[in-house]
Amino acid sequence: MNLGTLSTMARYRPGNLLHIVFDNESLLSVGGFPTATATGTDLAGIARASGVPSVAEADTLESLTRSVREALASDTLTTIVSKVEAVGPKTFHMDLPLLENRFQFKRALEAMKQQNTV
Amino acid sequence: MPVSTTSSRLIYDALKACDIRIMSALPETWLVHLIRMADEDPDMTLVRLAKEEEGIGISAGAHLAGVNSALLMQNHGFLAAINPIVSLAFLYKIPLLMLISYRGHFGEKDPWQTQGGAMTEPILRAMNIPMWHLSNPADIERRVKDAQTLAQAALHPVAVLLHRELMWEE
C-alpha cells in the first residue's frame, strides 16, 4: 500500500477494519536492504497524523495479542505497527495456488452473507 | 462549467442500470458531475481516494463481497494505477469497470496532458485491456452495459474512454 491510503482509511474509518503492519525494517528477500523505517520513519506517527482513530505499537507477542483483542472488541478502525525480526521462511512456496485461494475466499464470504440473512 | 451535465447524467444512469453500487474516484474536471451525482445518491457508496491505485483494491474487495463497482479516473490516474491492475486485478482475475477521462487527445489545450493522451491507447492495448470509446451520447447506455458484461464474464479489467466530444461543451 502507499502512505496516502492511511488518509483514505482515516477518512472513512470502517469500524470493522484492523490494519496490522509487520515491520522488519528491510527488504529481506534480497538479503536485507534497510527500508525507511530502519532510518527513522515512524509509521505509527504517520497513521496518527493521518487521522486513524486508534493506533498501537506492539513489539512483543504479548502486546500484539492484547492490541489485536482490544482492536477487535472496539469496533474502531485501528492500525497496529508491530516491529518484527528480519527472519524469513526457508521458502515462499505455498500449497494453495493464488486463484484457488481467491475463489475459496469469495465463496466463504458468500456463505457468511447467506448465514447472516437467514 | 463546460463539463457536460447531460452526458454525465447519461453515464451515471447507465452505471446505475448495471447495478453499480460502489464508485471510487479522485477529483478531476471532466468527472466532477459524475462524482457529485454519486455523492448525492443515497444508494451509491462513493469512495474518495488519495491515489487511483487504491481504487483497484476497493473494486477487488467489492467484487469478492459480491457487489458491482466502477472506477472513475483520468487517463493519468490509469497510468499511475498500472501496477495494481497487473498485480492484483490480472493476477486474481478481478473484473474492473474503469471509466477513464481521455485527456490530452485531439482538442486538448493543456500542454501537460498531451503525453498521457498519446500513451493511453498504446498502453491499454499492450496490457490487453478491452476498450470502448465513448464520444456519442447515443452509445452510452449500450456500451457501458456491454463493458460491464464483458468485465464480469472475463473476470478482467475493461476500459471505457470518455472523449472530449462527450464530456466537454465549448
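Because the structure is predicted, anything quoted here is derived from the model rather than measured.

Thresholds, definitions, all that
Residues numbered from 1 in each chain as written. Chains lettered and ligands numbered in written order. Predicted model: local features only at pLDDT ≥ 70, side-chain atom pairs only at ≥ 80, totals over all residues. Heavy atoms only, no water. Helix = DSSP H or I, 4+ residues; strand = E, 2+ residues; numbered from the N terminus. Rg over C-alpha atoms; globule rule 2.2 N^0.38 Å. Buried < 20%, exposed > 50% of the residue type's maximum accessible area, 1.4 Å probe, protein only. Areas by Shrake-Rupley, 256 points an atom, 1.4 Å probe, with all protein chains shown as cover. Lys, Arg positive; Asp, Glu negative; His and termini not counted. Charge placed at Lys NZ, Arg CZ, Asp CG, Glu CD. Pairing = 2+ DSSP bridges. Axes fitted to C-alpha atoms, helices over the stretch in contact; angles between N-to-C directions. Contact = heavy atoms within 4.5 Å. Parallel < 35°, antiparallel > 145°, perpendicular 65-115°, else oblique. Left-handed = near helix turned anticlockwise from the far one by under 90°. Patch = residues over 30% accessible without salt bridge, like charges linked within 9 Å, V, L, I, M, F, W, Y side chains within 5 Å. Salt bridge = Lys/Arg side-chain N within 4 Å of Asp/Glu carboxyl O. pLDDT = per-residue confidence, 0-100. Expected span 1.5 Å × (residues − 1). Arc of directions from axis to C-beta.

Novice: I tried to follow the overall build of chain B on my own but got confused; where do I start?
Specialist: Per the secondary structure count, chain B includes eight helices and six strands. Taken from the N to the C terminus, the helices and strands of chain B come in the order α-β-α-β-α-β-α-α-β-α-β-α-β-α. Here chain B has a C-alpha radius of gyration of 14 Å; the compact-globule value for 170 residues is 15 Å, and the two agree. Taking all 170 residues of chain B together, the buried fraction comes to 52%. Accessible surface for chain B amounts to roughly 7400 Å². Of this, 56% is attributable to carbon and sulfur atoms. Each charge class in chain B was averaged separately, 14 positive and 19 negative side chains, and the resulting centres sit 3 Å apart.

Novice: Sorry, what's going on with the overall build of chain A here?
Specialist: Looking only at helices and strands, one finds four helices and five strands in chain A. Ordered by position from N to C terminus, the α and β elements of chain A give α-β-β-β-α-β-α-β-α. Rg of the C-alpha trace for chain A: 17 Å, well past the compact-globule value of 13 Å for 118 residues, more than 25% over. Each principal axis of the C-alpha atoms in chain A carries an extent, and together these give about 50 × 35 × 30 Å. For chain A, the residues scored as buried account for 24% of the 118 residues in total.

Novice: Can you help me understand the sheet that holds strand 3 (residues 68-74) of chain B in this one?
Specialist: Sheet strands associate in pairs through backbone hydrogen bonding, adopting either a parallel or an antiparallel arrangement. Residues and elements named next belong to chain B. The sheet built from six strands is open, its strands ordered 2-1-3-4-6-5 with parallel pairing. Strands at the two margins of the open sheet, each flanked by one partner only, are strand 2 (45-48) and strand 5 (131-134). Ignoring strand direction, the axes of neighbouring strands in this sheet form an average angle of 20 degrees. As defined by bridge partners, strand 1 (residues 20-25) adjoins strand 2 across four bridges and the pair is classed as parallel. Residue pairing across strands places S24 opposite V47, the latter belonging to strand 2. Sitting on the sheet, helix 3 (residues 53-64) is in contact with strand 1, strand 2, strand 3 and strand 4 (96-101), with an inclination near 170 degrees to strand 3.

Novice: What is the right way to look at the packing of helix 1 (residues 4-12) of chain A against helix 2 (residues 43-50) of chain A in this model?
Specialist: When two helices pack together, you describe them by how their axes are tilted relative to each other and by the distance separating the axes. Residue and element names in this part refer to chain A. At a minimum axis distance of 8 Å, the contact between helix 1 and helix 2 shows a crossing angle of 40 degrees. Looking at the two axes, helix 1 sits oblique to helix 2. Judged by the sense of rotation from one axis to the other, the crossing of helix 1 with helix 2 is right-handed. Along the contact surface, helix 1 presents L6, S7 and A10, while helix 2 presents I46, A47 and S50.

Novice: Teacher, can you tell me more about a nonpolar patch on the surface here?
Specialist: Residues and elements named next belong to chain A. A surface patch of nonpolar side chains, about 250 Å² in accessible area, is lined by I20, F22 and V84. Mapped onto the elements of the fold, F22 is located in strand 1 (residues 18-23). Since its relative accessible area comes to 52%, F22 is described here as exposed.

Novice: What's the story with the confidence of the model for chain B in this structure? I'm lost.
Specialist: Caution is warranted with low-pLDDT regions, since their predicted coordinates should not be read in detail. Model confidence for chain B is summarised by a mean pLDDT of 97, while 100% of its residues fall at 70 or above. In the predicted complex, the global pTM is 0.94; the interface-specific ipTM is 0.89.

Novice: Sorry if this is basic, but what is going on with the sheet that holds strand 1 of chain A here?
Specialist: Residue and element names in this part refer to chain A. In space, the three strands of this open sheet follow the order 1-5-4, with parallel pairing throughout. Only two strands of the sheet have a single partner each, and these edge strands are strand 1 and strand 4 (54-57). Averaged over all neighbouring strand pairs, the angle between strand axes comes to 15 degrees, with direction disregarded.

Novice: So what exactly am I meant to see when it comes to the pattern of salt bridges here?
Specialist: Any two side chains of opposite charge can pair if their charged atoms end up close together. Residues and elements named next belong to chain B. Under the counting rule described, the total for this entry stands at 17 salt bridges over all chains. Taking the shortest distance from any N to any O, the salt bridge between R48 and D39 comes out at 3.0 Å. We note a salt bridge from R103 to E108, for which the minimum N-O separation is 3.3 Å. Both residues of the pair, R103 and E108, belong to the buried class. Three or more residues joined by partner-sharing salt bridges are found here, namely E28, R103, E108, D110 and R164.

Novice: Could you clarify how one ought to interpret helix 3 (residues 61-74) of chain A in this entry?
Specialist: Because an α-helix completes one turn every 3.6 residues, residues spaced three or four positions apart along the sequence face the same direction. Residues and elements named next belong to chain A. Its 14 residues give helix 3 an end-to-end C-alpha distance of 20 Å, which sits within 8% of 20 Å, the value for a rise of 1.5 Å per residue. Among the residues of helix 3, S63, L64, S67 and A71 are the ones counted as buried. Looking straight down helix 3, one finds its buried side chains confined to an arc of 100 degrees; they lie on one side. Counted as exposed and oriented over 90 degrees from the buried face of helix 3: L61, E62, R69, L72 and A73. Close packing links the buried residues of helix 3 with strand 1, strand 4 and strand 5 (78-83). Positive phi appears at D75, one or two residues downstream of helix 3, with a value of about 55 degrees.

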